[in-house]
Amino acid sequence: MTVPVRRPRRLRTTPAMRDMVAETRLDASDFILPMFVADGIDAAREIPSMPGQYQHTIDSLKAAVHEALDAGVRCVDLFGVPRDGDKDATGSVAWREDGILNRGVAALREEFGDEVIVMADTCLDEFTDHGHCGSLSEDRHGNTYVDNDATLPLYQAMAVAQAEAGAHIVSPSGMMDGQIRAIREALDSEGFEDVAIMAYSAKYASAFFGPFRDAVGSSLKGDRRTYQQDPANARESMLETQLDIEEGADIVMVKPALPYLDILHEVAASSPVPVAAYQVSGEYAMIHAAAANGWIDLDRVMMESLTSIKRAGADQILTYFAVDAARALARD
Ligand code: PBG
């Protein structure tokens with residue numbers, strides 16, 4: 001009988017031993033909680049496809065951020081849900097001071113000061129009546145397209161409005177070419193040199209965003225394949241992140257997370273700036289749905305998925321599990 005000489009199992013024998021040799025440790029400070037603030041509602045509404053996540057009023061938003069902070073989560077990423085009647089072709093409510101997202105940012109900044117990092121999503125899709133991330137133009141053949149260069153000044157106005165409302169970080173997620181440079185220039189010229197940019201650099205045209213579109217009441221018909229990336233491609237993620245870093249991104253992001261760990265790993269291996277990953281609405285919904293059926297253990301799959309995202313190279317993780325995961329870590 002030949003017995004093994006090397007026995008990797010030795011280091012797995014006890015919980016203390018496993019803990020000592022663990023290479024990846026999650027911490028509540030890794031997590032960023034995406035949240036939704038809606039106009040024209042008088043009580044928080046649970047999002048059906050995202051159990052435990054809400055469209056918030058300003059008041060319920062503040063209460064939920066207090067809970068997150070108590071659990072140890074210190075960064076939130078805010079999305080706005082305007083009234084349908086406030087949507088228009090350019091999404092102009094996005095840069096109005098009294099627009100819901102800017103009011104939400106201002107309320108959080110007033111309530112929490114610098115204790116919580118307030119990040120705002122800098123993209124027009126929630127605010128346009130066509131649901132696209134930019135403004136539309138017609139080409140010479142009469143076909144409508146999302147107009148990259150006409151959109152950049154709108155992003156500049158939106159980012160400046162978010163900075164004025166008090167955002168510590170703006171996060172452009174629209175995948176227009178040149179958006180990071182345009183936003184950096186606008187922020188700097190308005191005196192917001194200290195407002196950071198988390199760039200959605202490698203963002204795929206993913207069906208995993210489905211529940212999010214419910215969450216924000218998206219008006220989109222069609223898809224975003226002319227500006228978000230093709231899931232078949234890896235190389236262009238290196239180009240996209242490299243461009244964003246050159247243009248001034250302080251943090252780059254890969255999104256979605258779990259189906260794109262190869263991309264995350266490759267970006268993290270060479271990025272000179274922090275790399276975030278976004279565990280998106282569909283990833284969250286799938287885990288909840290399977291757990292609700294009794295097919296998987298919610299807490300264990302939650303922690304395993306987050307550990308895997310961090311192991312692949314994420315420095316920060318945007319996740320709807322932020323509060324639950326932070327509480328789970330505190331229990332251990
Ligand atoms: C665009 C945006 C989207 C998400 C974050 N920012 C939707 C999209 O690109 O269609 C998706 C987030 C998620 O699915 O959790 N503003």
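Just so it is clear, the model here is predicted, and its values are computed rather than measured. (Residues numbered from 1 in each chain as written. Predicted model: local features only at pLDDT ≥ 70, side-chain atom pairs only at ≥ 80, totals over all residues. Heavy atoms only, no water.)

The next subject is the UniProt feature "active site" (unreviewed entry) in the protein chain. Those residues carrying the UniProt feature "active site" (unreviewed entry) are K203 and K255 in this numbering. A maximum C-alpha distance of 5.0 Å is found for the annotated residues, which run over 53 residues; spatially they form one tight group. Within the fold, K203 resides in strand 9 (residues 196-203). Apart from the residues within four sequence positions on either side, K203 is in contact with S173, M175, F209, Q228, Q229 and K255. A distance of 2.9 Å separates a polar side-chain atom of K203 from the backbone oxygen of S173. Inspection of the secondary structure puts K255 in strand 10 (residues 251-255). (UniProt positions renumbered as here; feature names shortened; annotations may be inferred. Helix = DSSP H or I, 4+ residues; strand = E, 2+ residues; numbered from the N terminus. Contact = heavy atoms within 4.5 Å. Polar contact = N/O pair within 3.5 Å; in protein donor to acceptor, adjacent residues only side chain to side chain.)

A few words now on the site of the ligand. The environment of the ligand is made up of 17 residues, and the closest members are D125, R213, K255, S281 and Y320. The side chain of E126 places a nitrogen or oxygen atom 3.1 Å from a nitrogen atom of the ligand. Contact distances for the ligand include 3.3 Å between a nitrogen atom and a side-chain N or O atom of K255. Starting from 400 Å² of accessible surface for the ligand in isolation, the protein chains cover 100%. Counted by class, the shell around the ligand contains seven nonpolar, three polar and seven charged residues. (Near = heavy atom within 4 Å. Areas by Shrake-Rupley, 256 points an atom, 1.4 Å probe, with all protein chains shown as cover. Nonpolar A, V, L, I, M, F, W, Y, C, P; charged D, E, K, R; others polar.)

Inspection of the entire model under this criterion finds nine aromatic pairs. Through a chain of ring-to-ring contacts, three or more aromatic side chains come together here, namely F36, F79, Y200, F212, Y278, Y284, Y320 and F321. Stacked on the ring of F209, the Lys or Arg K255 has its end atom at 4.5 Å from the ring centre. The side chain of K255 reaches across the aromatic face of Y278, ending 4.6 Å from its centre. (Phe/Tyr/Trp six-rings, centres within 6.5 Å; stacked < 30°, edge-to-face > 60°. Lys NZ or Arg CZ within 6 Å of the ring centre and 35° of its normal.)

The next thing to look at is the pairing of strand 11 (residues 275-279). Extensive coverage of strand 11 is indicated by the burial of five of its five residues. With helix 8 (residues 261-270) bridging strand 10 and the parallel strand 11, this β-α-β connection has right-handed handedness. (Buried < 20%, exposed > 50% of the residue type's maximum accessible area, 1.4 Å probe, protein only. Right-handed = clockwise from strand over helix to strand, strands pointing away.)

Here we come to the pattern of salt bridges. Following the criterion strictly, the structure yields 13 salt bridges and no others. Note that E67 and R327 form a salt bridge whose closest N and O atoms lie 3.6 Å from each other. Here R327 lies in helix 11 (residues 322-331) and E67 lies in helix 2 (residues 58-71), a separation of 260 residues in the sequence. Look at E67 and you get partly exposed, because its relative accessible area is 47%. A relative accessible area of 37% means that R327 is categorised as partly exposed. Among the ionic pairs, R184 bridges to D250, the shortest N-O distance being 3.9 Å. You can see R184 sitting in helix 5 (residues 179-189) and its partner D250 sitting in the loop between helix 7 (235-247) and strand 10, a full 66 residues away along the chain. By relative accessible area, which is 13% here, R184 ends up buried. (Salt bridge = Lys/Arg side-chain N within 4 Å of Asp/Glu carboxyl O.)

As a further point, take helix 8. If you check which residues of helix 8 are buried, you get L261, I263, L264 and V267. Seen along its axis, helix 8 keeps its buried residues to an arc of 155°; they face one direction. The inward-facing, buried residues of helix 8 contact strand 9, helix 7, strand 10, strand 11 and helix 10 (298-311). (Arc of directions from axis to C-beta.)

The next thing to look at is the pairing of strand 8 (residues 169-172). Burial of strand 8 is two-sided: the residues I169 and S171 facing one way and the residues V170 and P172 facing the other way are all buried. As defined by bridge partners, strand 5 (residues 117-122) adjoins strand 8 across four bridges and the pair is classed as parallel. Bridge assignment links D121 to a residue of strand 8, and that residue is S171. In this fold, strand 8 hands off to helix 5, which returns the chain to strand 9; that crossover is right-handed. (Pairing = 2+ DSSP bridges.)

Okay, the UniProt feature "binding site: 5-aminolevulinate 1" (unreviewed entry) in the protein chain next. Following the UniProt record, one finds the feature "binding site: 5-aminolevulinate 1" (unreviewed entry) at R213 and R224. Judged by its relative accessible area of 24%, R213 is partly exposed. Once you skip the residues sitting within four places of it in the chain, R213 turns out to touch S218, L220, R224 and Q228. Structurally, R224 is set in the loop between helix 6 (210-215) and helix 7.

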